[in-house]
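Observations on chain architecture
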Amino acid sequence: MDNSSLINDLLNPTKQLTQQKCKVGRMLDMLPDDTSDAMKKAIELIRTTQYQGKNKTYSSVWLSKVLRKNGYPISPSTIQRHVNKECSCEQSD
Ligand SMILES: [Zn+2]
């Protein structure tokens, strides 16, 4: 268990408050680079294919299932908000 992020948050309370991200954004921050890159690609694919109708492989429901299977329970609606850039990650930018 790596507690450096927790220590950092505890020592930087103002930084934490100004950079509130959604569950997906916080997870991306926590993950190692190769893993977060793969997840960002999946989110981008959901974003680009969701209006095409044909390719339903990548969806927020699919990503939610994948994450849950790997020990990260995040609901499809939370993922969908991040995909649609309606979450707090975008508002803090
Ligand atoms: Zn987000």
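To be clear, the structure that these remarks concern was listed above.
Definitions and limits used
Residues numbered from 1 in each chain as written. Predicted model: local features only at pLDDT ≥ 70, side-chain atom pairs only at ≥ 80, totals over all residues. Helix = DSSP H or I, 4+ residues; strand = E, 2+ residues; numbered from the N terminus. Buried ≥ 20, exposed ≤ 12 C-beta atoms within 10 Å, placed from the backbone. Contact = placed C-beta atoms within 7 Å. Core = buried A, V, L, I, M, F, W, Y, C linked by C-beta atoms within 7 Å. Axes fitted to C-alpha atoms, helices over the stretch in contact; angles between N-to-C directions. Parallel < 35°, antiparallel > 145°, perpendicular 65-115°, else oblique. Nonpolar A, V, L, I, M, F, W, Y, C, P; charged D, E, K, R; others polar. Arc of directions from axis to C-beta.

1. Quick word on the overall build of the protein
Along the backbone of the protein there are seven helices and zero strands. Beginning at the N terminus, the succession of helices and strands in the protein can be written as α-α-α-α-α-α-α. For the protein, the proportion of its 93 residues judged to be buried stands at 12%. Relative to all contacts within the protein whose residues are 6 or more apart in sequence, the contacts with residues 24 or more apart total 51%.

2. Quick look at the nonpolar core
Within the largest apolar cluster, nine residues are counted, these being Cys22, Val24, Ile46, Leu63, Leu67, Ile79, Val83, Cys87 and Cys89. Of all elements in the fold, only helix 5 (60-69) and helix 6 (76-83) reach the threshold of two or more residues within this core. Setting aside residues no more than four positions away along its own chain, Leu63 makes contact with Ala42, Ile46 and Ile79.

3. Remarks on unusual backbone geometry
Positioned with a positive phi, Lys85 is a non-glycine residue whose angle comes to about 55°. As for its placement among the helices and strands, Lys85 is situated in the loop between helix 6 and helix 7 (88-91).

4. Details of the packing of helix 3 (residues 23-30) against helix 6
Two numbers describe how helix 3 lies on helix 6: the axes approach to 8 Å, and their chain directions differ by 80°. Relative to helix 6, the element helix 3 lies roughly perpendicular. Residue-level inspection shows Lys23, Val24 and Gly25 of helix 3 in contact with helix 6, the latter providing Thr78, Ile79 and His82. Along the lines of polarity and charge, the residues of the contact of helix 3 with helix 6 split into two nonpolar, three polar and one charged.

5. What to know about helix 5
Given 3.6 residues per helical turn, the α-helix brings residues three or four places apart onto the same face. Looking only at helix 5, the buried set comprises Ser60, Leu63 and Leu67. Along the axis of helix 5, the buried residues cluster in a sector spanning 60°; they form a single face. Seen from the buried face of helix 5, the exposed residues on the opposite side, beyond 90 degrees, are Lys65 and Lys69. The inward-facing, buried residues of helix 5 contact helix 4 (33-49) and helix 6.

So, to be careful, I would describe these as geometric facts and stop short of saying anything about function.
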